Amino acid sequence: MLETGIQLFINGISLGCAYALITLGFVLVINAIGAVNFAQGDLVMAGGFLSVVFAEFIIANNPHPITGVGLFILPLVLIGMACFGLLFSMVTYTPLKSCPPATVFISTIAAGLIIQHGINAGFGPEPQIGPALISSGTLAIGTLTLSKQQIAIIVSASFLILCVGFLMNKTQLGRQLRAAAQDPEVAETIGVNGAQCVALTFSIAIALAGAAGLLLSNQFFITTSDGGLFMLKAYIAVTLGGWGRLDGAVIAAIAIGLFEVIVATLVSYILAEALLFVALLLILLFRPSGLFAEAIQRRT
Amino acid sequence: MIRLLQVLTILINITLFPVWLKADESYIPILVPVTGFLSLEGTAQRNGAIQALDKAPINLNIKYEVSDTATSPEVAVTALHRALSRGQPAAIAAPIFGTQMLAMLPIAKRASVALITVSGTAKLTELNNPFIFRFFPGDSVVKVAHARYIHEVLGAKRPALLYQTTAYGQSGYSHLSRILKENGTPLVFEEALAPSVKDMLPALTKLKASNPDVILLHLHSTPTALVIRQARNSGIELPIVAGSAMHQPSTARLLKADQLRGVCAETAASPISELNNEVIKFTTEYKKRFATAPDAFALAQYDGMNMVIAALKSGAKTAIEVRNWLATNTFKGLAMSYKSDGKGNMAHDATIVCYDGKTRIPKIIQRYLNVDGVF
């Protein structure tokens, strides 16, 4: 019983950690441009498919059987998706930066659909399985038997979340990104290149989406229509955690993962989903800025 | 500006969508979901229909075009209107998505054109619409086979069911739970899962606590694979009898062969498992052309379009003559023999396939013939 309880807890945390990576990228873009990137879910899916491509290439070109190539592929996916992020910002944001935020989020919806249908046309509609992060198997701690794969997901996601926290709070680049997000005009007067900062933010956000895609694609498979689901979870996490709060978004995302697993175990999945939306409505009604205070506001 | 847009729209329509239909040609639009959450099944439908129509005799002069109906009834209805605007189709290959079919049925009735579908939604053939022809057995057929197999072959007494919250899942659940209850083996556990559910351990934990002797699944492709993998990884080695999604090669591909040991599925057919030469020929051609293995949906749509071709060959000239031929004749297809029950249900047989744990190709274990609603 205890073993099952701990396994369920780890499942919830690992799912939440993957959601946190998606949400983190989502918030970074909101802070940088004041608009929602509605393609974030489709970019997670794209990251999953990219990891499938890398895994097939590595396995096909290695005469010895390899299990758990995910850890080797993770940096490649991060770099590939970061480059795609630069292109994405050039196409969906740069030409429209002087337009109202609504124009940008419509362009991201269009980009998401193009990504989804492009991958569907290229790969076909079949669900795919991504590479395992490490070799499958279990880890025995006393009488407990834990899934190595899920522990690897938690460790990898936590490492990436800490890296983003370090980058944003402890480095000069992070300060520049935050300055450009908070007040682009004032930031430019002190030598911060706002356009570069926005492009870099998109790049980081989409790299995180790609990493989440890799982590989720082995554990839960990946299909071209999965983007909407990931987007929905990120949106709820951002609303609960507070628009603009990186830490709030991460905490909310992990809480959602845990909440889903616990309520689904104790009662049912349907109730878990219903309660999640009730919580969202209550937050919107009584605390629209989220559970944590809003860090920034758009200038009027 | 508005005028310019109107002119541009007309020009685009003329350029991209020319009315190329000639008087002696038979026009068969293929309206299926090739994008969205049913793209796997919709693509199989499209492939099956194309494979049949491309092999039709040249003298029939059949022209076809494929339109994506995506995931909403509005898109499907627009595609249908556009197809009808090109001229009178002989028949239409229609989407597997029941919600779209419900929206298309009244329009097809007004246009007097038969819809050839593999949709399993029971309601479609209960509306007294004479223009629906379903070439895939509905739940009143396959769920009887599902229940009979676990009862007669596995001897199970304590079945537990996981099903989808969608219309597809609800339909399967209502048939299966009723049949099992009537036969003295009611479900000991049941839970509905949304297609978005990723972690199946909570459901499996509760299911295991109910002490079942067989697990029944009525889920879409990815959730079916997720449940089976998580059950086997959690040490649950009970027999699993799944819905038709499990017979699809794309579902089996997500699992290791040993995880499939003790897993069976109900389906109309399993082209990759058949030893019949005609089906082997169909499967080989399909793989060569579409670079993927066919499933029962592809084969059923192939059979459906071949029955339309048979109607045209027999002399049916108009859409209403094709419809009347479909309603009154028996057609021997590759999967089974098809005959309308008066409501448009053409398929009345079901098959149980099982995996042996060594390969991902299932073996045909049982065939249930003419089992409409009868246990």
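How each quantity is defined
Residues numbered from 1 in each chain as written. Chains lettered and ligands numbered in written order. Predicted model: local features only at pLDDT ≥ 70, side-chain atom pairs only at ≥ 80, totals over all residues. Heavy atoms only, no water. Domains from an automatic or database assignment. Contact = heavy atoms within 4.5 Å. Buried area = accessible area lost by both parts, 1.4 Å probe. Buried < 20%, exposed > 50% of the residue type's maximum accessible area, 1.4 Å probe, protein only. Helix = DSSP H or I, 4+ residues; strand = E, 2+ residues; numbered from the N terminus. Right-handed = clockwise from strand over helix to strand, strands pointing away. Disulfide = S-S within 2.5 Å. Pairing = 2+ DSSP bridges. Axes fitted to C-alpha atoms, helices over the stretch in contact; angles between N-to-C directions. Polar contact = N/O pair within 3.5 Å; in protein donor to acceptor, adjacent residues only side chain to side chain.

**Comments concerning the domain arrangement of chain B**
Residues and elements named next belong to chain B.
Moving on, step 1. Parsing chain B into structural domains produces domain 1 (21-138 + 277-349) and domain 2 (139-273 + 351-368).
Moving on, step 2. Each of domain 1 and domain 2 has a C-alpha centre, and these two points are 28 Å apart.
Moving on, step 3. Taken together, the contact between domain 1 and domain 2 spans 21 residues of the former and 17 residues of the latter.
Moving on, step 4. Counting each side, the surface lost to burial between domain 1 and domain 2 is near 1500 Å², with a carbon and sulfur contribution of 66%.

**Structural notes on the pairing of strand E7 (residues 189-193) of chain B**
Moving on, step 1. Extensive coverage of E7(B) is indicated by the burial of four of its five residues.
Moving on, step 2. In the classification by handedness, the crossover that spans strand E6 (residues 159-164) of chain B, the intervening helix H6 (residues 167-182) of chain B and the parallel E7(B) is right-handed.

**Comments concerning the state of the cysteines**
Moving on, step 1. Considering all chains together, one arrives at one disulfide over all chains under this definition.
Moving on, step 2. Residue Cys264(B) pairs covalently with Cys354(B) via a disulfide, S to S 2.0 Å. When the S-S torsion is 105 degrees, as for the bridge of Cys264(B) with Cys354(B), the disulfide is right-handed. Placement of Cys264(B) in strand E10 (residues 263-267) and of Cys354(B) in strand E13 (residues 350-354) is noted, with a sequence separation of 90 residues between them.
Moving on, step 3. Looking at Cys264(B), the relative accessible area reads 7%, which means it is buried.
Moving on, step 4. Take Cys17(A): it sits in no disulfide, and the sulfur closest to it among the cysteines is that of Cys163(A), at 14 Å.

**Regarding the sheet that holds E13(B)**
Residue and element names in this part refer to chain B.
Moving on, step 1. Across the sheet, seven strands lie side by side as E7-E6-E8-E9-E10-E13-E14; this open sheet has mixed pairing. Edge positions in the open sheet fall to E7 and strand E14 (363-368), since each of these has one partner strand only. Going across the sheet, the axis of each strand differs from the next one's by a mean of 20 degrees, ignoring polarity.
Moving on, step 2. Looking at chain direction, E13 and E14 are connected through five bridges and run antiparallel. Within E14, the residue paired with threonine 351 across the bridge is arginine 367.

**A few points about the side chain of Thr125(B)**
Moving on, step 1. Its place among the elements puts Thr125(B) in the loop between strand E4 (115-117) and strand E5 (132-134).
Moving on, step 2. Side-chain polar atoms of Thr125(B) contact the side chain of Asn345(B), separated by 3.1 Å.

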